[in-house]
Amino acid sequence: MNTATYGPWGKIFYKYSEIRLDWLVWVLMFLATVDYRFRLLKGMPSFTVTEVCSYAAALLLIGVISLGDTPWTVYTRDLYSENRQVLRYFAWVLVACVVGVARSKDIVPVVKDLFPAFVLYVLIVSTVRTSDQIRRVLIAFLAGVGVNAVLGVFQVMTNGFYIGEMHEITLLKTDQYGNIVDHLAMGFMAHSNGLSLILLPAILLITAALRFNYFRSRSMNGVLLILLFLTGFDLYNTYAKGAMGWTAIGVLLLLVAPRIRSRWRFPVGVGVLILGGGSFIAISIWLFFHYSETFGTTLGRIELWNAGVMALLSDPWVFLFGSGFAEIKDYTFSLFAYPLDHAHNGFLNQAINYGVPAMILFLIIVFSNMRNLARGGGEEGRNPIIYFLFALHVAFFGEYFFEPAQQGVSLQSMTFAMFAITTILLRGEEETLE
C-alpha cells in the first residue's frame, strides 16, 4: 500500500487500510444530531436510532478487523498507543460499571448511552484518514443540524411538531423577563437546552467555514449563511441563556485566535473559561437581586453542585466508582422536594456516574486537547478547523460546567466525535510542522 495516499495520519490510520467504514461515521454523525428515542414495547428499555446503528457499526468493525490480515492484539496495541487518554477513560468507565452494578442498576442505562460515543470515537480514529473525509464528517454533522434547525423553526412558529417525549422541566422554561414560554425550539431533543448544545458547535463551525472559506464553494457558503440564520434563530428561541453567552464567546475567540501567538493561546483559553464561568455566575446573581427572579436558576445550580459534592463525599465507593444516584437524589430532594439524579454540571456528573478518577481523566482529555490545539493552526487560515476546535473546547466545556451535557446519546456522541477529530487533525498538524 502507498501510505502517501493518506497523508501523515499515524500508523493506526494507514496501517489498517482494509477498514473502509468511514461512510458509517457519516451516518452516525448525522443520526447523533437527529436522534429519536423509541420503545418497542411498554416496560422495555428505550433505544435511540443512533444506539441501534452503533451496535451494527461495532459488529461491522469487529468483522472487518477479524477478517483482515492484522491480528486483534496488534490492532488493539496500536489503537491504544495513539489514543491513550480517551481509552483510559473508557476503561475506567467499564470498571466503574462492573463495580457500580452491585450498588445500583441505574448505572446500566447510563453506560448504555455512552456506548455509541465509544463506537463513534473508535470508528473515526480507525477509518477517517484524509482532510476530505474530515470535511465529509463535518458536512454530515451540519446536515443533521440543518434538519434540527428547520424543525425548530416549525416548532417556534406553530408550538407543535415536537418529536418524542418532552422533558417535564421544559414546561417551566422562562424568558429573560421571567415569563414561562411555550413556543420553544427543541429539534429532536427532549429539552431546549439540549438543542442549544448542538447549535453551539454548529454556529462555531459555520463561522469558521465562512471566515476561512473552508469548503471553497460559493454555493456551499450560501447554504451556510442560510443555516447560520436558522441556527441563530433557534438558539435564541431555546432561551438557553448560558449557551447563547458561550456561543458568543466562542465566536469571538475563533475570530481572534489566529492573531494570538500560539504560546499564548492555551493560557488565553483557560483564562476565558475561568473568567467566563465566574462572570456568568456573578452577573446572574446580580441580575437575580436587581432585575428578575428568572436568573435565580444559577443559584439553584450552585445548590445542585453542592449536593453533588456532598453525594461524592458521602461514601468512599461513590467517590471512587460513582453510581451515586441514590445519594444525589436524597440530597436534591431535601433541597427542592424533587429528586434529581444529576448535579446539573457535566464534570461533577462524570464523578457521580463513574467516580472522581473518571472526572479527572475526562478533564485531562479536555485540557490536553486545548493545549495541543493552541499550538496548532500555523499561519492564519492554513487549518481553520484547528481554530474551530480550540474555540469549541472553550465554549462547549464552559457551558458543560452549567449543564448535564454528559447525559444522553446525542451529546456524548458529539463530544467524543470532537475528541476524535481533534486527535486526527493534531497528528496531521504535527507531521506538517516537522
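Residues numbered from 1 in each chain as written. Predicted model: local features only at pLDDT ≥ 70, side-chain atom pairs only at ≥ 80, totals over all residues. Heavy atoms only, no water.

**Focus: the overall build of the protein**
Regarding its fold elements, the protein presents 18 helices and two strands. Relative to its full complement of 434 residues, the protein shows a buried share of 54%. Nonlocal contacts in the protein, meaning residues at least 24 apart in sequence, comprise 76% of its contacts between residues at least 6 apart. Only carbon and sulfur atoms are counted for the fraction: they give 66% of the accessible area of the protein, which is about 19,100 Å². (Helix = DSSP H or I, 4+ residues; strand = E, 2+ residues; numbered from the N terminus. Buried < 20%, exposed > 50% of the residue type's maximum accessible area, 1.4 Å probe, protein only. Contact = heavy atoms within 4.5 Å. Areas by Shrake-Rupley, 256 points an atom, 1.4 Å probe, with all protein chains shown as cover.)

**What to know about the pattern of salt bridges**
Summed over the entire model, instances satisfying the criterion amount to nine salt bridges. The partner of Arg-37 in a salt bridge is Asp-113, with the nearest N and O atoms 3.5 Å apart. Remark: Asp-113 occurs in helix α6 (residues 107-127) and Arg-37 occurs in strand β1 (residues 37-38); sequence separation between them is 76 residues. The shortest N-O distance in the salt bridge between Asp-106 and Lys-329 comes to 4.0 Å. A residue pair is termed long-range when its members are at least 10 positions apart, and Asp-106 in the loop between α5 (84-101) and α6 and Lys-329 in helix α14 (residues 325-336) qualify at 223 residues. When salt bridges that share partners are traced, they join Arg-37, Glu-51, Lys-112 and Asp-113 into one network. (Salt bridge = Lys/Arg side-chain N within 4 Å of Asp/Glu carboxyl O.)

**As for the environment of Asp-341**
By secondary structure assignment, the location of Asp-341 is in the loop between α14 and α15 (346-354). Among all residues touching Asp-341, those that are not within four sequence positions of it are Phe-325, Ile-328, Lys-329 and Gln-407.

**Describing the environment of Gly-100**
In this structure, Gly-100 sits in helix α5. For Gly-100, a relative accessible area of 1% translates into the label buried. For the pair formed by Gly-100 and Ser-323, sequence separation is 223 residues and the distance between their alpha carbons is 5.5 Å. Each residue touching Gly-100, except ones within four places of it in the same chain, is listed here: Ile-107 and Ser-323.

**Section: the packing of aromatic side chains**
If you walk through the whole model with that rule in mind, you get 32 aromatic pairs. A centroid spacing of 5.7 Å and a plane angle of 35° characterise the contact between Tyr-55 and Phe-115, whose relative ring orientation is tilted. One end of the pair, Tyr-55, is in helix α3 (residues 49-67); the other, Phe-115, is in helix α6, and 60 residues separate them in sequence. You can call Phe-115 partly exposed: its relative accessible area is 31%. (Phe/Tyr/Trp six-rings, centres within 6.5 Å; stacked < 30°, edge-to-face > 60°.)

**Focus: the nonpolar core**
Tyr-89 and Phe-416 are the most contacted members of the largest nonpolar core, which has 117 residues in total. Ranked by residues supplied to this core, first place goes to helix α17 (residues 384-400) with 13 residues. Excluding anything up to four places from it in sequence, Tyr-89 contacts Leu-114, Gln-350, Tyr-354, Ala-358, Leu-361, Phe-362, Ile-365 and Phe-416. (Core = buried A, V, L, I, M, F, W, Y, C linked by side-chain atoms within 4.5 Å.)

**Overview of helix α2 (residues 22-33)**
The terminal C-alpha atoms of α2, which comprises 12 residues, lie 18 Å apart, in line with the 16 Å expected from a rise of 1.5 Å per residue. Those residues of α2 that fall on the buried side of the exposure criterion are Asp-22, Leu-24, Val-25, Leu-28, Met-29, Leu-31, Ala-32 and Thr-33. (Expected span 1.5 Å × (residues − 1).)

**Structural notes on a nonpolar patch on the surface**
A surface patch of nonpolar side chains, amounting to about 330 Å² of accessible area, comprises Ile-169, Leu-335, Phe-336 and Tyr-338. By the element assignment, Leu-335 lies in helix α14. Of the residues examined, Leu-335 reaches a relative accessible area of 38% and is grouped as partly exposed. (Patch = residues over 30% accessible without salt bridge, like charges linked within 9 Å, V, L, I, M, F, W, Y side chains within 5 Å.)

**Here we look at the packing of α2 against α3**
Helix-helix packing: each pair is described by the crossing angle between the helix axes and the interaxial distance. It is at 9 Å that the axes of α2 and α3 come closest, and there the two elements cross at 165°. Here α3 runs roughly antiparallel to α2, going by the angle between their axes. Between α2 and α3 the crossing geometry is left-handed. Note on element contacts: α3 touches α2 through Val-49, Thr-50, Cys-53, Ser-54, Ala-57 and Leu-60, opposite Trp-23, Leu-24, Leu-28, Leu-31 and Ala-32. Looking at side-chain class alone, the contact of α2 with α3 contains nine nonpolar, two polar and no charged residues. (Axes fitted to C-alpha atoms, helices over the stretch in contact; angles between N-to-C directions. Parallel < 35°, antiparallel > 145°, perpendicular 65-115°, else oblique. Left-handed = near helix turned anticlockwise from the far one by under 90°. Nonpolar A, V, L, I, M, F, W, Y, C, P; charged D, E, K, R; others polar.)

**Points about unusual backbone geometry**
What you tend to see is this: most non-glycine residues have negative phi, and most peptide bonds are trans. At Ser-323, a position not held by glycine, the phi torsion is positive, near 60°. A positive phi angle is found at His-344, which is not glycine, with a value near 55°. Tracing the sequence through the fold places His-344 in the loop between α14 and α15. A relative accessible area of 16% means that His-344 is categorised as buried.

**Points about helix α4 (residues 72-82)**
For an α-helix the count is 3.6 residues per turn, leaving residues at separations of three or four pointing the same way. Every buried residue of α4 is accounted for by Val-74, Tyr-75, Asp-78 and Leu-79. For α4, the buried positions fall inside an angular range of 130° around the axis, keeping them on one side. Turned more than 90 degrees off the buried face of α4, the exposed positions are Thr-73 and Arg-77. (Arc of directions from axis to C-beta.)

**Some thoughts on the side chain of Arg-129**
In this structure, Arg-129 sits in the loop between α6 and α7 (131-158). A polar contact is formed between the side chain of Arg-129 and the backbone oxygen of Thr-127, at a distance of 3.2 Å. (Polar contact = N/O pair within 3.5 Å; in protein donor to acceptor, adjacent residues only side chain to side chain.)

**A short note on the confidence of the model for the protein**
For the protein, the mean per-residue pLDDT works out to 85, and 88% of the residues sit at or above 70. Predicted confidence in the protein is weakest over helix α1 (residues 11-14), with a mean pLDDT of 51, and strongest over helix α9 (residues 218-236), with 96. Every residue in residues 1-10 scores below 50 in pLDDT, and together they form 20 contacts with partners more than four places removed in sequence or on other chains. Under a pLDDT of 50 for its full length, residues 430-434 has, in the predicted model, three contacts with residues more than four places off or in other chains. (pLDDT = per-residue confidence, 0-100.)

**Regarding the side chain of Arg-135**
Relative to the assigned elements, Arg-135 resides in helix α7. Every residue in contact with Arg-135, bar those within four places of it in the chain, is listed here: Tyr-214, Phe-215 and Arg-216.

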